[in-house]
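Read off the chains here:
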Amino acid sequence: MRSAVILVGGEARRANGQEKYFFIYQGRTFIERLIDTLRKVTDEIILVARDPSQCERFRDLEPVTCITDIRQGIGPIGGLHAGTLAAHGDFLFVTACDMPCIEADVVSHLFETIGDHDAAIPCWCEEMIEPLHAVYRRSALLDYLRSHDSLSLRPMIRSINTRYVPVDELRPYDPALRTFTNINKLEDLERINRP
């Protein structure tokens, strides 16, 4: 079974307080686009919100489950922790809600290429990786997240058996690598929506 975990609980500081999952791209919200894409290649979709009131914003979305952070205020690793505990799949595709162009074939390739590894993480170079556009083995995440010192994802990635997937390996599925488009600011949104 394959799960998708979408982290939606950010504070939206870089987007003037606006919640990026409701940004519109090509006529649909980011979260609608992500759900439509990920339902093609996963068996369940879990949204991880910061609190119950944020979960309420997604009550009309199907087919998704919305849960809240268990360890609050610690950033993406807190969302990853909650999402991993809630997931039923042996493997999890983990992403943030500000990536509206994720390509299903790229996600499928990451699931297929993980093999015996604990993670399949796209990389541009040694220092530039995409930990929030990656597939993880649930059991490895559970082991790590049970007890960890750092709130950064990088020490986790270094401590598990990670397969770094060069982005050029993904070009057959997405030649322009639009799957990694990340919208942090309103200016970024305006740029991708220009005709």
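Scroll up for the structure.
Residues numbered from 1 in each chain as written. Predicted model: local features only at pLDDT ≥ 70, side-chain atom pairs only at ≥ 80, totals over all residues. Heavy atoms only, no water.

Asker: How do you make sense of the overall build of the protein when you look at a structure like this?
Answerer: Counting secondary structure elements, the protein contains seven helices and nine strands. A compact globule built from 195 residues should have a C-alpha radius of gyration of about 16 Å, and the protein, at 16 Å, falls within 12% of that. Principal-axis analysis of the C-alpha atoms gives the protein an extent of 40 × 40 × 30 Å. Split into buried and exposed, the 195 residues of the protein put 53% on the buried side. Taking as baseline every contact in the protein between residues at least 6 positions apart, the subset at least 24 positions apart corresponds to 68%. By element, 46% of the accessible surface of the protein is carried by carbon and sulfur atoms, the whole surface being about 9500 Å². Of the side chains in the protein, 23 bear a positive and 29 a negative charge, and the two mean positions are spaced by 3 Å. (Helix = DSSP H or I, 4+ residues; strand = E, 2+ residues; numbered from the N terminus. Rg over C-alpha atoms; globule rule 2.2 N^0.38 Å. Buried < 20%, exposed > 50% of the residue type's maximum accessible area, 1.4 Å probe, protein only. Contact = heavy atoms within 4.5 Å. Areas by Shrake-Rupley, 256 points an atom, 1.4 Å probe, with all protein chains shown as cover. Lys, Arg positive; Asp, Glu negative; His and termini not counted. Charge placed at Lys NZ, Arg CZ, Asp CG, Glu CD.)

Asker: Just to check I follow, could you spell out the state of the cysteines for this structure?
Answerer: Every disulfide links exactly two cysteines, by a covalent bond between their sulfur atoms. Summed over the entire model, instances satisfying the criterion amount to one disulfide. A sulfur-sulfur separation of 2.3 Å characterises the disulfide bridge that pairs C55 with C66. On the S-S bond that ties C55 to C66, the torsion sits near -95°, and the link is left-handed. Of this pair, C55 sits in helix 2 (residues 52-56) while C66 is found in strand 5 (residues 65-68), placing the two residues eleven residues apart along the sequence. Under the relative-accessibility criterion, C55 is labelled buried at 13%. Residue classification places C66 among the partly exposed positions, given a relative accessible area of 26%. Not part of a disulfide, C101 finds its nearest cysteine sulfur in C97, a span of 14 Å. The thiol of C125 is not disulfide-bonded; the next cysteine sulfur, from C123, is found 7.7 Å away. (Disulfide = S-S within 2.5 Å.)

Asker: Would you mind showing me how to read helix 3 (residues 76-86) here?
Answerer: Side chains of residues three or four places apart in an α-helix project in the same direction, reflecting 3.6 residues per turn. Counting buried positions along helix 3 yields eight of eleven residues, so the element is predominantly enclosed. Looking only at helix 3, the buried set comprises I77, G78, G79, L80, H81, A82, G83 and T84. Those residues of helix 3 that are buried lie in contact with strand 1 (2-7), strand 4 (44-49), strand 5, strand 6 (91-96), helix 5 (138-146) and helix 6 (153-159).

Asker: Quick question: what am I supposed to make of helix 4 (residues 104-113) here?
Answerer: For helix 4, a buried count of eight out of ten residues is recorded, marking the element as mostly surrounded by other parts of the structure. For helix 4, the set of buried residues is A104, V106, V107, S108, H109, L110, F111 and T113. Turning to helix 4, the residues buried within the fold contact strand 1, helix 1 (30-38), strand 6, strand 7 (119-123), strand 8 (133-137) and strand 9 (162-166). Where helix 4 terminates, the next one or two residues include G115, which has phi positive at roughly 55°.

Asker: What is the right way to read the layout of surface pockets from this model?
Answerer: To find leftover empty space, one rolls a probe the size of a water molecule over the atoms. The calculated volume of the second largest pocket comes to roughly 150 Å³. Around the second largest pocket sit C123, C125, E126, E127, I129, R154, I157, R158 and Y164, which together line it. The element contributing the most residues to the lining of the second largest pocket is helix 6, with three residues. The class makeup of the residues in the lining of the second largest pocket is five nonpolar, no polar and four charged. (1 Å grid on protein atoms, 1.4 Å probe; cavity = no way out; pocket = protein on both sides within 12 Å on 5 of 7 lines; lining within 4 Å. Points joined across faces, edges and corners; volume = space filled by probe spheres on them. Nonpolar A, V, L, I, M, F, W, Y, C, P; charged D, E, K, R; others polar.)

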